[in-house]
Amino acid sequence: MTQESKIRVGVIGAGFIGRVHLDTFGKMPNVELAGICDAVPGAATAAATAHGVRHVFSEPAEMIGSEEIDVIVVAVPNRFHTDLAVAALDAGKHVLLEKPMAIDGTAARRIVEAQKSSRRTLMVAHQMRWSAMAREAKRQVETGELGKVYNGKAVMMRRKAIPGWGSWFTRKSESGGGPLIDIGVHMLDLGMWLMGSPKPISVFGSVYAEFGPEKRGTGRWGTPDWNGVFDVEDLATALIKLDTGATLSLEVSWAVNTDSDSGHQIHLMGTEGGLSVYPKRVVYTGQKFDRAFDVEVPSPADEENPRELMTRHFLECVRTGETPISDAVSGLANNLVLDAIYASAKTGESVSVSL
Ligand SMILES: NC(=O)c1ccc[n+]([C@@H]2O[C@H](COP(=O)([O-])OP(=O)(O)OC[C@H]3O[C@@H](n4cnc5c(N)ncnc54)[C@H](O)[C@@H]3O)[C@@H](O)[C@H]2O)c1
């Protein structure tokens, strides 16, 4: 595929993130918004009209089988990710798959196998890796300025933000879990990537549901369905041991009593320096002449949109056959760690992870 050839994109799911993908792909050169489908046909039609999508398909299978589609974007609840991604890869399509890659590690392994045998591009949509601050942090880690990074901490605490209480987000059979698999997967992915993508070897974790079951902790995300189900956690905490000897701690919540919404934060602790990565700044910390010091790296004024950068990278990989940075193997590692945290929370024991 040359740089000039048109890539025809079909999106499955016309909900919140499906519409964001339509908007983003719509800004890319040599891309045609060729198809959309949704379990709710009216949602697909409305999105097609709003974004100028050429064709509304009535079924995902019909779009996946169409000769007029090159790329499938999977933007539906987590339970459906694997069947759709595998069907698309088997049909020779390239896939941009929303996070989490799969609902669990077993389902994730099916995607890894299908990607290998199809030799098509599969990327998991971890746009956080593409923020200016994350890229700056990655650059600094790679210069070696931090020395050996032996501990990391990834945090995203939301105080009152259970999304769509009673919707698929809070039903384990459809989501796979609560904030751990929803926002924790982003933080885990970012933390592991900044630490050089070491292999996870074991996990010790706990999850809690102190707000959701009592219908507390809802906020601005989604519309509650009070007749629905809440059978997931609302806070998760874990320590992940890595094959480099380093550790990564992870703490995420949808609802918690703490003094502020933390935003997303990564702290990297190295032998020569540390980095704290926030949405809008990176702080380098070190020690010289017996004093500790901090240096702030300000946010660039012309920060490019992380989703646009991610989408451009995905399209470049489709054109060149290069492996995307958040590939199926990293998606599997994330899913296995999440599974191990849920398992450890159940048993009270540490759980080993084998990739
Ligand atoms: N990368 C991010 O930051 C980010 C942000 C939000 C959501 N997401 C992910 O995107 C996915 C969708 O989340 P959302 O917030 O858009 O949810 P949503 O509920 O807003 O939309 C989901 C859409 O999928 C449709 N749908 C459900 N099952 C379907 C099926 N089998 N076939 C076709 N259509 C189906 C629904 O009718 C709905 O329109 C989830 O995996 C979520 O984790 C990622």
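Keep in mind the model is a prediction, meaning the values are calculated, not measured.

> Talk me through the side chain of N78; I want residue IDs and the actual numbers.
Mapped onto the elements, N78 comes out in the loop between β4 (71-74) and α4 (81-90). Residues contacting N78, with those up to four places away along its chain left out, are K99, P100, I103, W168, E174, S175 and I181.

> Got a sec to walk through the pattern of salt bridges? Specific residues and values, please.
Applying the stated criterion across every chain, the model contains 15 salt bridges. One salt bridge in this structure joins R216 and E214, with 3.0 Å as the shortest N-O distance. Residues E296 and R281 are paired through a salt bridge, measuring 3.2 Å at the closest nitrogen-oxygen approach. Note that E296 is positioned in strand β14 (residues 291-297) and R281 in the loop between β12 (274-277) and β13 (282-288), a separation of 15 residues in sequence. With relative accessibility at 46%, the residue E296 sits in the partly exposed group. For R281, a relative accessible area of 32% corresponds to the partly exposed category. Each of the salt bridges in this network shares a partner with another, and the network as a whole consists of D23, K27 and E308.

> Describe the domain arrangement of the protein, and please don't skip the residues or the numbers.
When cut into domains, the protein gives domain 1 (7-128) and domain 2 (129-306 + 335-352). The C-alpha-based centres of domain 1 and domain 2 are spaced at 26 Å. At the interface, 18 residues of domain 1 touch 23 residues of domain 2. Taken together, the connections running from domain 1 to domain 2 amount to 1 salt bridge. A salt bridge links D182 to K99; the nearest nitrogen and oxygen atoms lie 2.9 Å apart.

> Would you mind going over the pairing of strand β2 (residues 31-37) in detail, with residue names and values included?
Counting buried positions along β2 gives 6 out of 7 residues, so the element sits mostly inside the fold. In this sheet, β2 lies alongside strand β1 (residues 7-12) in parallel orientation, the contact comprising 6 bridges. If you follow G10 over to β2, its bridge partner there is G35. Handedness of the β-α-β unit built from β2, helix α2 (residues 41-51) and strand β3 (residues 55-56) comes out right-handed.

> So what's going on with the site of the ligand? Which residues, and what values?
As a structural note, the neighbourhood of the ligand is formed by 24 residues, with D38, N78, H81, K99 and Q127 the closest of them. Take V76: an N or O atom from its main chain is 3.2 Å from an oxygen atom of the ligand. A distance of 3.5 Å separates an oxygen atom of the ligand from a polar side-chain atom of R307. Bound to the protein, the ligand loses 82% of the 840 Å² it would expose on its own. Put simply, the ligand lies in the largest pocket. Grouping the amino acids of the shell around the ligand by side-chain chemistry returns 14 nonpolar, 6 polar and 4 charged. Two domains each put at least three residues into the shell around the ligand: domain 1 (7-128) and domain 2 (129-306 + 335-352).

> Quick one: what's the story with the packing of α4 against helix α5 (residues 105-118), residue by residue and with numbers?
At a minimum axis separation of 9 Å, α4 and α5 run at an interaxial angle of 10 degrees. Judged by the inter-axis angle, α4 sits roughly parallel to α5. In this structure, α4 contributes T82, D83, A85, V86, L89 and D90 to the contact, and α5 contributes A107, R110, I111, A114, Q115 and S118.

> Requested: an account of the layout of surface pockets, with residues and values cited.
Size it by volume and the largest pocket reaches roughly 1,400 Å³. As for the largest pocket, its lining consists of 50 residues, of which F16, I17, K99, W168 and F169 are closest to the centre. Every element with two or more residues in the lining of the largest pocket is listed here: α1 (16-26), α4, β7 (149-157), α8 (179-194), β11 (263-270) and α9 (306-320). Broken down by element, the lining of the largest pocket gets its largest block of residues, 3 residues, from α8. Counted by class, the lining of the largest pocket contains 24 nonpolar, 15 polar and 11 charged residues. Split by domain, the lining of the largest pocket shows at least three residues from each of two domains, domain 1 (7-128) and domain 2 (129-306 + 335-352). The space that makes up the second largest pocket amounts to roughly 260 Å³. Taken together, 16 residues make up the lining of the second largest pocket; nearest its centre are K172, G176, E233, Y342 and K346. The greatest single-element share of the lining of the second largest pocket, amounting to 5 residues, is contributed by helix α10 (residues 328-347).

Calculation rules
Residues numbered from 1 in each chain as written. Predicted model: local features only at pLDDT ≥ 70, side-chain atom pairs only at ≥ 80, totals over all residues. Heavy atoms only, no water. Helix = DSSP H or I, 4+ residues; strand = E, 2+ residues; numbered from the N terminus. Contact = heavy atoms within 4.5 Å. Salt bridge = Lys/Arg side-chain N within 4 Å of Asp/Glu carboxyl O. Buried < 20%, exposed > 50% of the residue type's maximum accessible area, 1.4 Å probe, protein only. Domains from an automatic or database assignment. Pairing = 2+ DSSP bridges. Right-handed = clockwise from strand over helix to strand, strands pointing away. Near = heavy atom within 4 Å. Polar contact = N/O pair within 3.5 Å; in protein donor to acceptor, adjacent residues only side chain to side chain. Areas by Shrake-Rupley, 256 points an atom, 1.4 Å probe, with all protein chains shown as cover. 1 Å grid on protein atoms, 1.4 Å probe; cavity = no way out; pocket = protein on both sides within 12 Å on 5 of 7 lines; lining within 4 Å. Sits in = over half its atoms within 2 Å of the grid points. Nonpolar A, V, L, I, M, F, W, Y, C, P; charged D, E, K, R; others polar. Axes fitted to C-alpha atoms, helices over the stretch in contact; angles between N-to-C directions. Parallel < 35°, antiparallel > 145°, perpendicular 65-115°, else oblique. Points joined across faces, edges and corners; volume = space filled by probe spheres on them.

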